[in-house]
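Structural features, examined
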Amino acid sequence: MSNTPILQVENLSKHFDVQTGLLRREKKTVKAVTGLNFDINVGETLALVGESGCGKTTTTRLLLRLQTPTAGQVRYDGEDIFQLKGAALKSYRSRVQAVFQDPWSSINPRVRIHDFVSEPLIVNEKLSSSEVDRRVHEALDAVGMRPQDARKFPHEFSGGQRQRIAIASAIVSRPRLIILDEPVSGLDVSIRSQIINLFKDLQAEYGLSYILVAHDLATTRYLADRVAVMYLGQIIEQGPVDDVFDAPAHPYTEALLSAALSADPTEARTEIPMNGEVPSPLNPPSGCAFHPRCHRRLGAVCDVKSPTLQAYGPHHSVSCHLHDRQPTA
C-alpha cells in the first residue's frame, strides 16, 4: 500500500430541495451529505460504515459522477472529477468502477456474459474485437470463471458466480479504484468468504484501491485498512480500522460495535442501546446530530453546539464533545 492519494475528497456536500406538506406546501432542504473530507491511497481500502440513511449511497453516487455536488471537490490524480469532459471523463469512468450488492439485478438477464463484461471497454475505450475478447477472457479467468462462460446467459449461474461476473466487468478496464457497495450482503454465508478473499487477491495482484460500503462490521475489519463512520450525512469518526474497532472514540461507533456479532461466541459483551431511530434529514436535531440517541450525552453543549472533527490520535479523528480540546492556560 502506498501513501500516495489516488482520490481526495474535500468539503463534499449534496443537498436536495424537496416540497413537504399536503395543504400548505413548504420547501425544505435534505442535507444528504455535508462537509465530507477523506482520501484513499493507492492499494488501500477505505470503508464507509453506518446505518441506512447515513449518506453512504449518496457519497458513492457522487464519486461515480452520477450526481453533481452542492459544494466541494473530488480530485482524482489531482484533477477535479466534476470538471472532466470528453476523453478525460471516459478515462475516469474506466479507472473508477463499481461492484454492487445484488448479483441478480446488477446483470442484464437478456445479454450474454461477454457483452456484459465487455461493456466498460466498448463504452470507454477504442479496442479491436480481438482485444476485447482477450480482455474479457482475462477478466473472467482472474475471478475464477472459465473463458467459455462468456457465451452463456446470467440465468445459468448461481448468485456467487454472478457476483464473480460482476467483478470481472469491474476489472476488465483495468481500473485503479473500485467502489464496493455491500458486495457480499446479497450472497449466501457459505460463499461470502470466497468473494471477500477474491477481493483481497485482486487487490494484491493489481494494486487496486477500494471504497467499501458495508453494514457488516466483520467484513469491514477483514477488508479495510481505514474506516470512516457516517451518521446523518457526516463523518463522525475516522481512522485505521484496528484503532477505531479496538478503541472507538464516538458513542455511536461504540454502539454499532457492541451490537455486532462477535467471531468468538464465548466473548463477554455488553450491548449499548441506541434510543429511537435515525432522525429524519428533513428535520435534523440541533447541536450534535446524535445527541437524542446518545448514551454518553453531556447535556446542553450536545443539544446546541455541533462538534467538529478533530484529532484523537496520530491518524484517528472524532467529532464529539467528549473529546473537545480544552484551551491551555
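This text follows the structure it describes.
For clarity, every value in this text was computed on a predicted model and none was experimentally measured.

Rules used in this analysis
The numbering scheme is per chain: residues are counted from 1 as the chain's sequence reads. The model is predicted, so local features are restricted to residues of pLDDT at least 70 and side-chain atom pairs to those at 80 or more, both for listing and for counting; the totals for chains, interfaces and linings are taken over all residues. The basis for every side-chain value is the complete set of non-hydrogen atoms in the structure, without hydrogens or water. Should a side-chain nitrogen of Lys or Arg be within 4 Å of a carboxyl oxygen of Asp or Glu, the pair is scored as a salt bridge. By the criteria applied, helices consist of DSSP H or I runs no shorter than four residues and strands consist of E runs no shorter than two, each listed in order from the N terminus. Whether a residue is buried, partly exposed or exposed follows from its accessible area with a 1.4 Å probe, protein chains only, as a fraction of its type maximum: under 20%, in between, or over 50%, in that order. A pair of strands is labelled paired if DSSP reports no fewer than 2 bridges between them. Handedness of a crossover is defined as follows: with both strands directed away from the viewer, a clockwise route from the first strand across the helix to the second makes it right-handed. Note on contacts: a residue pair qualifies if any of its non-hydrogen atoms lie within 4.5 Å across the two residues. Axis angles are defined between N-to-C directions and span 0 to 180 degrees, where every axis is a line fitted to C-alpha atoms and, for a helix, only to the segment in contact. Residues are said to line a cavity or pocket when one of their atoms sits within 4 Å of a point; the points come from a 1 Å grid over protein atoms alone, cavities being sets where a 1.4 Å probe fits but cannot get out and pockets being open sets with protein on both sides within 12 Å along at least five of seven lines. Grid points are joined across faces, edges and corners, and a volume is the space filled by probe spheres set on the points. The classification used treats Ala, Val, Leu, Ile, Met, Phe, Trp, Tyr, Cys and Pro as nonpolar, Asp, Glu, Lys and Arg as charged, and all other residues, Gly among them, as polar. Here is the rule: rings of Phe, Tyr and Trp (six-membered ring for Trp) pair when centre to centre is within 6.5 Å. Planes less than 30 degrees apart are stacked, more than 60 are edge-to-face, and the remainder are tilted. A ring is scored as having a charge over it whenever the NZ atom of a lysine or the CZ atom of an arginine sits within 6 Å of its centre and within 35 degrees of its normal.

Our next topic: the pattern of salt bridges. According to the stated counting rule, one finds 17 salt bridges in the structure shown. Note that Asp-77 and Arg-176 form a salt bridge whose closest N and O atoms lie 2.5 Å from each other. Residue Asp-77 is found in the loop between strand S4 (71–76) and strand S5 (79–80), and its partner Arg-176 is found in the loop between helix H5 (159–171) and strand S7 (177–181); the two are separated by 99 residues along the sequence. The partner of Asp-246 in a salt bridge is Arg-221, and the shortest N-O contact between them spans 2.7 Å. With Asp-246 in helix H8 (residues 241–246) and Arg-221 in helix H7 (residues 217–223), the pair connects residues that are 25 residues apart, well separated along the chain. Residue classification places Arg-221 among the partly exposed residues on the basis of a relative accessible area of 33%. If you follow the salt bridges from partner to partner, you end up with Glu-125, Glu-131, Arg-134, Arg-135, Glu-138 and Arg-174 in one network.

Further remarks concern the pairing of S7. Of all five residues making up S7, five are buried, and the element is well covered by its neighbours. Examined bridge by bridge, strand S6 (residues 96–99) and S7 share four bridges and lie parallel to one another. If you follow Val-99 over to S7, its bridge partner there is Leu-180. By the bridge criterion, five bridges tie S7 to strand S8 (residues 209–214) in an arrangement that is parallel. Note that in S8 the partner of Leu-177 across the bridge is Ser-209. Regarding topology, helix H6 (residues 189–206) serves as the crossover connection from S7 to the parallel S8, and that connection is right-handed.

On to the sheet that holds S4, then. Strand order in the open sheet made by the four strands is S2-S1-S4-S5, with antiparallel pairing throughout. The open sheet is flanked by strand S2 (26–41) and S5, the only strands paired with a single partner. In the sheet, S4 pairs with S5 via two bridges, with the strands oriented antiparallel. Bridge pairing links Tyr-76 to Glu-79 in S5. Docked against the sheet, helix H1 (residues 56–63) engages strand S1 (5–20), S2 and S4, running at close to 65° with respect to S2.

Moving on, we come to the sheet that holds S7. What holds strands together in a sheet is hydrogen bonding between their backbones, with the strands either parallel or antiparallel. Pairing in this open sheet of eight strands is mixed, and the strands run S6-S7-S8-S3-S9-S10-S12-S11 from one edge to the other. The open sheet terminates on both sides in strands that have one partner only, identified here as S6 and strand S11 (310–311). Along the sheet face, helix H9 (residues 251–259) touches strand S9 (226–231) and strand S10 (234–240) and points at about 105° away from the line of S9.

Considering only enclosed or pocket space, the second largest pocket measures out at about 560 Å³ in volume. As for the second largest pocket, its lining consists of 19 residues, of which Gln-97, Ala-98, Phe-100, Glu-119 and Pro-120 are closest to the centre. Counting only elements with at least two residues in the lining of the second largest pocket, the list comes to helix H2 (86–95), S6, helix H3 (113–124) and H5. Tallying contributions element by element places H3 first for the lining of the second largest pocket, with five residues. Classifying every residue of the lining of the second largest pocket by side-chain character gives 13 nonpolar, four polar and two charged.

Once that is clear, we can look at H9. Of all nine residues making up H9, eight are buried, and the element is well covered by its neighbours. Taken residue by residue, H9 has Pro-251, Tyr-252, Thr-253, Glu-254, Ala-255, Leu-256, Leu-257 and Ser-258 as its buried positions.

Right, let's talk about unusual backbone geometry for a bit. Here the phi dihedral of Asp-77 falls at roughly 50°; this positive angle occurs in a residue that is not glycine. On the basis of relative accessibility, which here comes to 45%, the residue Asp-77 falls in the partly exposed class. At Arg-174, a residue that is not glycine, the phi angle is positive and equals roughly 55°. With respect to the helices, strands and loops of the structure, Arg-174 is situated in the loop between H5 and S7.

Turning next to the packing of aromatic side chains. Inspection of the entire model under this criterion finds five aromatic pairs. Judged by centre distance (5.2 Å) and plane angle (85°), the ring pair of Tyr-231 and Phe-290 falls under edge-to-face. Of this pair, Tyr-231 sits in strand S9 while Phe-290 sits in the loop between H9 and helix H10 (300–304), and the two are 59 residues apart along the sequence. Members of the aromatic cluster, each reached through a chain of ring pairs, are Tyr-231, Tyr-252 and Phe-290. Against the face of Tyr-222 rests Lys-200, its NZ or CZ located 5.3 Å from the ring centre.

Nothing here speaks to function; it is geometry throughout.
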